[in-house]
Protein chains: 2
Amino acid sequence: MSRRTRSGSAAPGIPEATIARLPLYLRALYALADRCIASVSSEELAAAAGVNSAKLRKDLSHLGSYGTRGVGYDVDYLIYQVSRELGLTQDWPVVIVGAGNLGRALANYGGFLSRGFRVVALLDSDCAVIGTTVAGHLVRGVTEIERVVDEHKIMIGAITVPAAAAQDICDRLVGAGVTSILNFAPIVLSVPDGVDVRKVDLSIELQILAFHAQRKSAAGRAGSELTSLDARRGEERAIVAAGRPRSGRTGPRGTVAGGTVAGDTVAGGTVAGSTVAGDTVAAEAVGT
Amino acid sequence: MSRRTRSGSAAPGIPEATIARLPLYLRALYALADRCIASVSSEELAAAAGVNSAKLRKDLSHLGSYGTRGVGYDVDYLIYQVSRELGLTQDWPVVIVGAGNLGRALANYGGFLSRGFRVVALLDSDCAVIGTTVAGHLVRGVTEIERVVDEHKIMIGAITVPAAAAQDICDRLVGAGVTSILNFAPIVLSVPDGVDVRKVDLSIELQILAFHAQRKSAAGRAGSELTSLDARRGEERAIVAAGRPRSGRTGPRGTVAGGTVAGDTVAGGTVAGSTVAGDTVAAEAVGT
DNA sequence: CCGACTTTGTGCAAACGTTCACAAGGGCGT
DNA sequence: ACGCCCTTGTGAACGTTTGCACAAAGTCGG
Ligand SMILES: NC(=O)c1ccc[n+]([C@@H]2O[C@H](COP(=O)([O-])OP(=O)(O)OC[C@H]3O[C@@H](n4cnc5c(N)ncnc54)[C@H](O)[C@@H]3O)[C@@H](O)[C@H]2O)c1
Ligand SMILES: NC(=O)c1ccc[n+]([C@@H]2O[C@H](COP(=O)([O-])OP(=O)(O)OC[C@H]3O[C@@H](n4cnc5c(N)ncnc54)[C@H](O)[C@@H]3O)[C@@H](O)[C@H]2O)c1
């Protein structure tokens, strides 16, 4: 895989971390433009975007030298340059598969199309939903995936179906020609090379927050007892859901074990095991 | 081996990147447990989680030595250990502020409470919404933030109000004692030290996808790589609106930033702008 | 026209994260 | 009981990202 791109507008390898921040800068820039501010320094823009100013300058330097020393950056011009780099100077038709709670919220979301993204199709498999109108969009059947994607030359798809159906929908989207997928279902999608998957996973975010919250609680607790690291191995603390630690009997590989998993079953989606033992390449999204 | 975790929120003993992956492993582990699989190797678990096996082993090694050489990891035991590390052995009451499209979708989301997160309050400012019931939760007024947070000892809050109201809601949550915030509004929240903010930003994800999609289009057009499915996708359309490369004079006003992007009003303004007066010092929160 | 002042763009080093490769360690068959 | 074989745990190499510090480059007042 060649890393260098020498075509056209000189898009050298821009770090992924930088790409992930460009939308942040863009948003801050639009906010400035709304306030009729014509130029901005790296310090100010960085503050508005919540990043370090040196980082911002380095990020922008990857796009080219678009600033003026001693002055700063021209807001409008920078908006244009960043937009161009991100590919926002063109419209991106998007298909949403799954017209449930989340899919409808997305379809209704104005911010969705504020940057050139346009929902052109909303699909579902439920006959009770097909034919209804959501945010001005007629919900159509999933069977039309291929036709819709082809007709509108769609490259970006959002998956908002239950986890059990997500891989199947993903495969169909990819088969139809979609190369970028925004996945809201809590599973790891397998996709062929050349397809990007980014996931939005609320549950993961909450768990990360819980980790830090726990740490803060523990820190606040003056009692230094049980400071993080391992209690002991054979500890027998049965927890409400997680089952018992290391029961004496460990079946040889692959044997059926007690199960006893999660009495508090995963509500909602419940991964009813789709392709878990994958042979295909697991879909690492770009960065996280 | 492992270092001591200082009892403070400054010195995490476990890398942030690892923390972000633990929920992924946990999900894969639950899926295995559901299938009554008692033990799993790092290779298998890594495949299920979509990561490199060496990375997985290193991640898990931060929690302690919970594997058995030559065999693998005991699924139930590892579920317990990871859960404990993430702080999921306790229940986390959560408050959602903003009972709009997204807030309601969240409240309805079963996966929300599948890992010990429990929505205990749903707040809004709209009188038309207050008093209604969403997913079994009575929507209450925002004025009750402080009371609700205090009453339930809430540490985690989700913000699903319009961007304009988000900072205010954030301040109130923090003032009431919330230390972890999941923000869905497209703004950078400023919070005092010790408060974690994680953002879920759909628009940013789409823009990142657009960047890669654009790159793929460009590549397909020039090089003869990738013979598969993109034959003539993505025509290059020159949209020149906002960008004027550095007009010679300090043209305070010239081109008004025109509709490069959708209908999002990009005010060009007419004031020979002063620079922005930083009124918001954005504080970045945890990772990414 | 000049000099002082401001801010960009970047070399560099440190911090952080990923991946390789392999020794240490433990189960399992014989 | 013993050695084979499998997998973990980890040292070390490598790549990426961050942040500092400063020279270069431009503006602005006089
Ligand atoms: N609601 C949330 O706040 C939330 C948060 C995080 C993640 N998620 C995830 O997003 C996904 C959707 O969540 P939701 O709350 O909207 O669920 P939902 O049940 O409200 O909606 C799912 C929709 O998908 C449709 N569907 C099912 N199988 C389909 C198929 N094979 N093809 C096409 N459509 C199909 C259903 O008819 C339904 O309309 C789930 O995977 C969920 O885990 C939801
Ligand atoms: N809907 C989506 O798919 C989506 C996607 C990404 C981001 N977002 C963001 O999430 C937020 C909510 O989106 P939404 O689609 O649910 O919007 P919405 O308009 O449907 O809901 C917003 C809710 O917040 C309430 N509200 C307004 N001001 C309030 C205040 N001061 N205190 C308490 N409640 C208040 C409103 O009454 C309304 O019920 C927005 O910031 C939006 O940008 C939404």
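An account of the accompanying structure is given in this report. (Residues numbered from 1 in each chain as written. Chains lettered and ligands numbered in written order. Predicted model: local features only at pLDDT ≥ 70, side-chain atom pairs only at ≥ 80, totals over all residues. Heavy atoms only, no water.)

**With respect to the pattern of salt bridges**
Then, number 1: The final tally for this structure, using the stated rule, is 16 salt bridges over all chains.
Then, number 2: With a closest N to O distance of 3.0 Å, R118 of chain A and D91 of chain A form a salt bridge. Here the residue R118 of chain A occupies a position in strand β5 (residues 117-124), and D91 of chain A occupies one in the loop between α4 (75-86) and β4 (92-97), the gap between them amounting to 27 residues.
Then, number 3: The class for R118 of chain A is partly exposed, based on a relative accessible area of 38%.
Then, number 4: D201 of chain A is the salt-bridge partner of R27 of chain B, the closest N and O atoms lying 2.6 Å from each other. With R27 of chain B in helix α1 (residues 16-34) and D201 of chain A in the loop between β10 (196-199) and α8 (202-220), the pair connects residues from two separate chains. Grouping residues by exposure puts R27 of chain B and D201 of chain A together as buried.
Then, number 5: Through salt bridges with shared partners, one network takes in R140, E144 and R147 of chain A. (Salt bridge = Lys/Arg side-chain N within 4 Å of Asp/Glu carboxyl O. Helix = DSSP H or I, 4+ residues; strand = E, 2+ residues; numbered from the N terminus. Buried < 20%, exposed > 50% of the residue type's maximum accessible area, 1.4 Å probe, protein only.)

**Quick look at the site of ligand 1**
Then, number 1: Of all residues adjacent to ligand 1, which total 22 residues, the nearest are N101, L102, D124, V142 and V161 of chain A.
Then, number 2: What surrounds ligand 1 is not a single chain but chains A and B.
Then, number 3: Contact distances for ligand 1 include 2.8 Å between an oxygen atom and a backbone N or O atom of L102 of chain A.
Then, number 4: Burial of ligand 1 by the protein chains amounts to 82% of its free accessible area of 820 Å².
Then, number 5: Looking at the shell around ligand 1, the elements with two or more residues in it are α5 (101-108) and α7 (163-176) of chain A together with α5 (101-108) of chain B.
Then, number 6: The dominant element in the shell around ligand 1, judged by the number of residues it contributes, is α7 of chain A, at three residues.
Then, number 7: The residue makeup of the shell around ligand 1, split by class, is 15 nonpolar, five polar and two charged. (Near = heavy atom within 4 Å. Polar contact = N/O pair within 3.5 Å; in protein donor to acceptor, adjacent residues only side chain to side chain. Areas by Shrake-Rupley, 256 points an atom, 1.4 Å probe, with all protein chains shown as cover. Nonpolar A, V, L, I, M, F, W, Y, C, P; charged D, E, K, R; others polar.)

**A closer look at the site of ligand 2**
Then, number 1: The immediate surroundings of ligand 2 are formed by 22 residues, with N101, L102, D124, V142 and V161 of chain B found nearest.
Then, number 2: Each of chains A and B places residues near ligand 2.
Then, number 3: A105 of chain A places a polar main-chain atom, nitrogen or oxygen, 3.2 Å from an oxygen atom of ligand 2.
Then, number 4: Elements with a contribution of two residues or more to the shell around ligand 2: α5 of chain A together with α5 and α7 (163-176) of chain B.
Then, number 5: Residue contributions to the shell around ligand 2 peak at three residues, all from α7 of chain B.

**Brief notes about the packing of α1 of chain B against helix α3 (residues 53-61) of chain B**
Packed helices, taken two at a time, are described by the angle between their axes plus the distance between the axes.
Residue and element names in this part refer to chain B.
Then, number 1: Close contact between α1 and α3 brings their axes to 10 Å; oriented N to C, the two are set at 105°. Taken together, the axis directions place α1 and α3 in an arrangement best described as roughly perpendicular. Across the interface between the two elements, T18, R21 and Y25 of α1 pack against K55, L56, D59 and L60 of α3.
Then, number 2: Of the residues that constitute the contact of α1 with α3, the class distribution is three nonpolar, one polar and three charged. (Axes fitted to C-alpha atoms, helices over the stretch in contact; angles between N-to-C directions. Parallel < 35°, antiparallel > 145°, perpendicular 65-115°, else oblique. Contact = heavy atoms within 4.5 Å.)

**Regarding the protein's contact with DNA strand C**
Then, number 1: Around DNA strand C, the structure places 25 residues, and the nearest of them are S42, R57 and Y73 of chain A together with R21 and R69 of chain B.
Then, number 2: Restricting attention to atoms of DNA strand C within 4 Å of the protein, one finds that 61% of them are sugar or phosphate atoms.
Then, number 3: For DNA strand C, a base nitrogen lies 3.0 Å from a polar atom in the side chain of K58 of chain A.
Then, number 4: R69 of chain B is positioned with one of its side-chain polar atoms (N or O) 2.7 Å from a base nitrogen of DNA strand C.
Then, number 5: Of all the secondary-structure elements, those providing two or more residues to the surface near DNA strand C are α3 (53-61), β2 (67-68) and β3 (72-74) of chain A together with α1 and α3 of chain B.
Then, number 6: Counting residues per element, the surface near DNA strand C draws most heavily on α3 of chain B, which supplies four residues.

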